[in-house]
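In case you want the letters, here they are:
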Amino acid sequence: MQDRVRLLGIAVDIASTNAASDAAIGFIEEESCRVAYFVNSETLIILENNEENDNVLEDCDMILPGTASVNSSIDQVLGYKRDPFFLESFFDRIFDYSVENGCELQLIAGSEAQYTSVQDSIHEKWSYLTLSGTYLTEQDSSYEHIVNEINSIAPDVLILALNENMQLELLKNYKSQMNAGLILFTGNVLYNKVVSEAKVPESIEKLKIGNIYKWFQKDNSGKNLFNNIKMKLRIKRDK
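This write-up is about the structure you can find in this document. Because the structure is predicted, anything quoted here is derived from the model rather than measured. (Residues numbered from 1 in each chain as written. Predicted model: local features only at pLDDT ≥ 70, side-chain atom pairs only at ≥ 80, totals over all residues. Heavy atoms only, no water.)

With respect to the overall build of the protein chain
In step 1: A tally of regular secondary structure across the protein chain gives eleven helices and eight strands.
In step 2: Across the 239 residues in the protein chain, those meeting the buried criterion constitute 48%.
In step 3: Counting only contacts in the protein chain whose residues sit at least 6 apart along the sequence, the fraction spanning at least 24 positions is 76%.
In step 4: For the protein chain, the accessible surface area stands at approximately 12,200 Å², while carbon and sulfur atoms represent 46% of it. (Helix = DSSP H or I, 4+ residues; strand = E, 2+ residues; numbered from the N terminus. Buried < 20%, exposed > 50% of the residue type's maximum accessible area, 1.4 Å probe, protein only. Contact = heavy atoms within 4.5 Å. Areas by Shrake-Rupley, 256 points an atom, 1.4 Å probe, with all protein chains shown as cover.)

If you want it as structure tokens, here you go:
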């Protein structure tokens, strides 16, 4: 990917859904390790003005918007509406391609609840997808454990759904040790999508607070809201 815009000093791709998914599929077909990172407001704030980590994303083959807030901020900085990028459509194409071509996928999640929710959601739509993985526990949460789990399978597509600091550490110091074709650093993207699409309990629906219920169910909702506001203000300041 070549066309990028800088958000708080971090270069993010402005590719459309088709362009990004075509590139990702091309990476899978190459059978060499490639990396796509889905950035959110927390990513940008952690890396902003951090001399130790500010170059950690530079070697990524794709740096894509991981939230609607980052997506809209790209257009704001560009000053015009670009060809749209839709997260859901991007992953639909990757999963469709994986089923058609017999690719093996692996999911590493931050908790059992996140792992089970995302895995069940994917298998509900792509029942023939070869998807395995694991989640972190108090006993097994080291970077070495994660790398060993990955290398025991060596998947065609690796989905890392971990907290931001852990993902950045893996990318910075363990990327060369991970034996996978295409590595997708997704953070809470897929889990929050599952929550958004989940059916609200009838007792909650009767109170007409379904949206509030889902908001609290999402991973780090309050923190994400605060980071989104902070990101928007800093982008406005820089502009």
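Now that the structure is up, let's keep going.
Concerning the packing of aromatic side chains
In step 1: Per the counting criterion, the structure on display carries nine aromatic pairs.
In step 2: Ring geometry for phenylalanine 38 versus phenylalanine 90: centroids 5.5 Å apart, planes at 70°, classification edge-to-face. Separated by 52 residues along the polypeptide, phenylalanine 38 in strand E3 (residues 34-39) and phenylalanine 90 in helix H4 (residues 87-101) bring together distant segments of the chain. Of the two residues examined, phenylalanine 38 and phenylalanine 90, each falls in the buried class.
In step 3: The interplanar angle of 50° and the centroid separation of 5.9 Å between the aromatic rings of phenylalanine 85 and phenylalanine 90 together place this pair among those described as tilted. Both residues of the pair, phenylalanine 85 and phenylalanine 90, count as buried.
In step 4: Connected via pairs of aromatic rings, a cluster forms that spans Phe38, Phe85, Phe90, Phe91, Phe95 and Trp126. (Phe/Tyr/Trp six-rings, centres within 6.5 Å; stacked < 30°, edge-to-face > 60°.)

Here we look at the pairing of strand E7 (residues 157-161)
In step 1: Here E7 lies mainly inside the structure; five of its five residues are buried.
In step 2: What you see with E7 is no split at all: Val157, Ile159 and Ala161 on one side and Leu158 and Leu160 on the other are buried throughout.
In step 3: Pairing of strand E5 (residues 104-109) with E7, which is carried by five bridges, proceeds in the parallel orientation. For glutamine 106, the partnering residue across the bridge sits in E7 and is leucine 158.
In step 4: Each parallel crossover has a hand, and for E7 linked through helix H7 (residues 164-173) to strand E8 (residues 182-185) it is right-handed. (Pairing = 2+ DSSP bridges. Right-handed = clockwise from strand over helix to strand, strands pointing away.)

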